Amino acid sequence: MSDLPPPAPPTFGDRAEGHRSGFASFVGRPNAGKSTLTNALVGRKVAITSSKPQTTRTVVRGIVHRDDAQLVLVDTPGLHRPRTLLGERLNDLVTTTWAEVDVVAVCFPANEKIGPGDRFIVGELGKVRRTTKVAVATKTDLATPEQLAEHLLAIAELGRETDTEWAEIVPVSATAGSQVDLLADLLVAQLPEGPPLYPEGELSDTPEEAIVADLVREAALEGVRDELPHSIAVVVEEMGLRPDRPEDKPLLDVHATVFVERDSQKGIVIGHKGSRLKEIGSTARVQIAAMLGTPVHLSLRVKVAKDWQRDPRQLRRLGF
Ligand SMILES: Nc1nc2c(ncn2[C@@H]2O[C@H](COP(=O)(O)OP(=O)(O)OP(=O)(O)O)[C@@H](O)[C@H]2O)c(=O)[nH]1
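Each value, and the rule that gives it
- Residues numbered from 1 in each chain as written.
- Predicted model: local features only at pLDDT ≥ 70, side-chain atom pairs only at ≥ 80, totals over all residues.
- Heavy atoms only, no water.
- Helix = DSSP H or I, 4+ residues; strand = E, 2+ residues; numbered from the N terminus.
- Contact = heavy atoms within 4.5 Å.
- Areas by Shrake-Rupley, 256 points an atom, 1.4 Å probe, with all protein chains shown as cover.
- Phe/Tyr/Trp six-rings, centres within 6.5 Å; stacked < 30°, edge-to-face > 60°.
- Buried < 20%, exposed > 50% of the residue type's maximum accessible area, 1.4 Å probe, protein only.
- Expected span 1.5 Å × (residues − 1).
- Pairing = 2+ DSSP bridges.
- Right-handed = clockwise from strand over helix to strand, strands pointing away.

So, about the overall build of the chain. Scanning the chain from terminus to terminus reveals 11 helices and 9 strands. In the chain, the share of contacts with a sequence separation of at least 24, taken over all contacts with a separation of at least 6, comes to 70%. Of the roughly 16,300 Å² of accessible surface on the chain, a fraction of 51% belongs to carbon and sulfur atoms.

Right, here's the structure in full:
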C-alpha cells in the first residue's frame with residue numbers, strides 16, 4: 001500500500017460556488033439526546049442538557065462552520081401532547097420551526113424501543129410535507145449491535161407506516177463522538193447552495209441572556225424530582241460588566257430571578273437556610289463563566305408566579 005501516490009491536496013478554488021448553508025432542527029421525544037447532539041456538532045455547550053425530560057424551552061441555535069458549509073441548528077423543545085397553555089405554545093413553536101428549516105432530524109434513542117411518543121412526533125412531522133426528514137438513532141453507545149440493528153429496522157418500518165420518507169437513517173453517539181461528523185456531512189448535503197448566513201466564529205445567535213437563563217435553570221433542576229422541572233422558569237433581570245474594574249480583571253454582574261409556581265416549590269429551590277439556592281448559584285456561576293469567558297458574580301432571587309404555565313400574561317413575561 002505504501003507505493004500508492006499520496007492523495008491530491010484539497011482544492012478550495014471553487015469553494016464559494018459549492019458552498020451550502022441552511023437550517024436543521026433536531027426533534028424527538030423528551031430525553032432523546034437532541035441538545036447533546038447539538039453541542040457535539042457545534043463543539044461548545046450551547047443548548048442545555050439535563051437528565052430530566054422537557055427542559056429545553058428556548059429555541060437555541062448552534063452554528064457549525066465548515067469550509068464548504070454553514071449548518072445552523074435550531075434546537076426545539078420536545079413535542080408532547082399539550083395539557084397546558086404552555087404545552088400548546090411549545091407545540092406551535094415546534095411545528096412553525098419545522099416548516100421553516102431545510103431539514104428535520106428525528107432522534108430515536110437506541111437504548112429505548114420506538115413508542116407512541118415517537119409515532120406521535122413522526123405523525124405530526126408528516127404534516128410538514130416539504131421539509132426533508134432524516135432519522136437519527138441516538139445514544140448508540142447504550143445499545144448492543146443486535147439492539148441497534150433492530151432499532152434501525154424499526155425506524156425504517158415507522159417511516160413506511162407513517163408514509164414518511166427518510167432521506168437518511170444514521171446511528172450516532174453524541175457522548176462517544178461516534179458518527180457525529182458523518183451526521184454533519186449528511187445534514188449539510190440536504191442544504192441548498194448559498195453563502196454563509198452568519199459571521200465566521202459565531203456559535204449561537206441566542207441572546208446571551210437566554211443562554212445564561214438556561215444555565216441557571218439547568219442548575220436549579222439538578223437533583224429535583226417530579227413535576228418541579230415544568231414549574232421553573234428563569235429570567236435574567238440585568239446583566240453587565242461591572243464598571244471600574246481593571247481591563248484584565250473583568251467581572252460580569254448577573255441578576256436573575258427563578259420563578260416557581262407555588263410556595264412549596266419556592267422552599268424546595270431555596271433549601272434549608274438557603275443551602276440549595278447557594279448550590280444552584282455556584283454551579284450556574286461556573287457554567288456561565290466558562291461559557292462567556294469572564295468571571296461572574298451571580299445573584300439569584302426566587303419568586304412565586306402563581307400558575308404561570310396557565311396564564312397568558314405571565315407566559316409572555318417569561319418569554320414564551
Ligand atoms: N450514553 C449516552 N447518553 C446520552 C447521549 N446523548 C445524550 N445522552 C444523555 O441523555 C440525556 C438527555 O439528553 P438531552 O440532550 O438533554 O436530550 P434532549 O432530547 O435535548 O431532551 P429534552 O430537552 O428533554 O427534549 C442526558 O442525560 C444526556 O447526557 C449519548 O450519545 N450517549
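On to the packing of aromatic side chains. The way to describe two aromatic rings as a pair is by their centre distance and the angle between their planes. Applying the stated criterion across every chain yields a total of 1 aromatic pair. A ring pair is formed by Phe108 and Trp166, whose centres lie 5.9 Å apart and whose planes are at 85°; its orientation type is edge-to-face. Here Phe108, found in strand S4 (residues 103-109), pairs with Trp166, found in strand S6 (residues 166-171); they are 58 residues apart in sequence, far enough to count as distant. For the pair formed by Phe108 and Trp166, the shared burial category is buried.

Attention now goes to helix H2 (residues 34-42). Among the 9 residues that make up H2, 7 are buried, leaving the element largely enclosed by the rest of the structure. Just past H2, the residue Gly43 takes up positive phi, approximately 85°.

Turning our attention to helix H7 (residues 208-221). Structural remark: α-helix, 3.6 residues per turn; residues separated by three or four positions point the same way. Relative to the 20 Å expected for 14 residues at 1.5 Å per residue, H7 spans 20 Å between its end C-alpha atoms, a close match to the ideal helical length. Of all 14 residues that make up H7, 12 are buried, and the element is covered over most of its length. All of the buried residues in H7 are Ala210, Ile211, Val212, Ala213, Asp214, Leu215, Val216, Arg217, Glu218, Ala219, Ala220 and Leu221.

Counted residue by residue, strand S5 (residues 132-138) has 6 buried out of 7 residues, so it is predominantly covered. Bridge count between S4 and S5: 7 bridges; the pairing is parallel. Paired with Val103 across the bridge in S5 is Thr132. Between S4 and its parallel partner S5, the chain crosses via helix H4 (residues 116-126), and the hand of that crossover is right-handed. Judged from the 5 bridges that link them, S5 and S6 form a sheet pairing that is parallel. Bridged to Ala135 within S6 is Ile169. This β-α-β element, S5 to helix H5 (residues 145-162) to S6, shows right-handed connectivity.

Right, let's get into the environment of Leu152. Looking at the secondary structure, you find Leu152 in helix H5. Between the C-alpha atoms of Leu152 and Pro171, which are 19 residues apart in sequence, the distance is 8.0 Å. Once residues lying within four places of it in the same chain are set aside, the contact partners of Leu152 are Ala137, Ile169 and Pro171.

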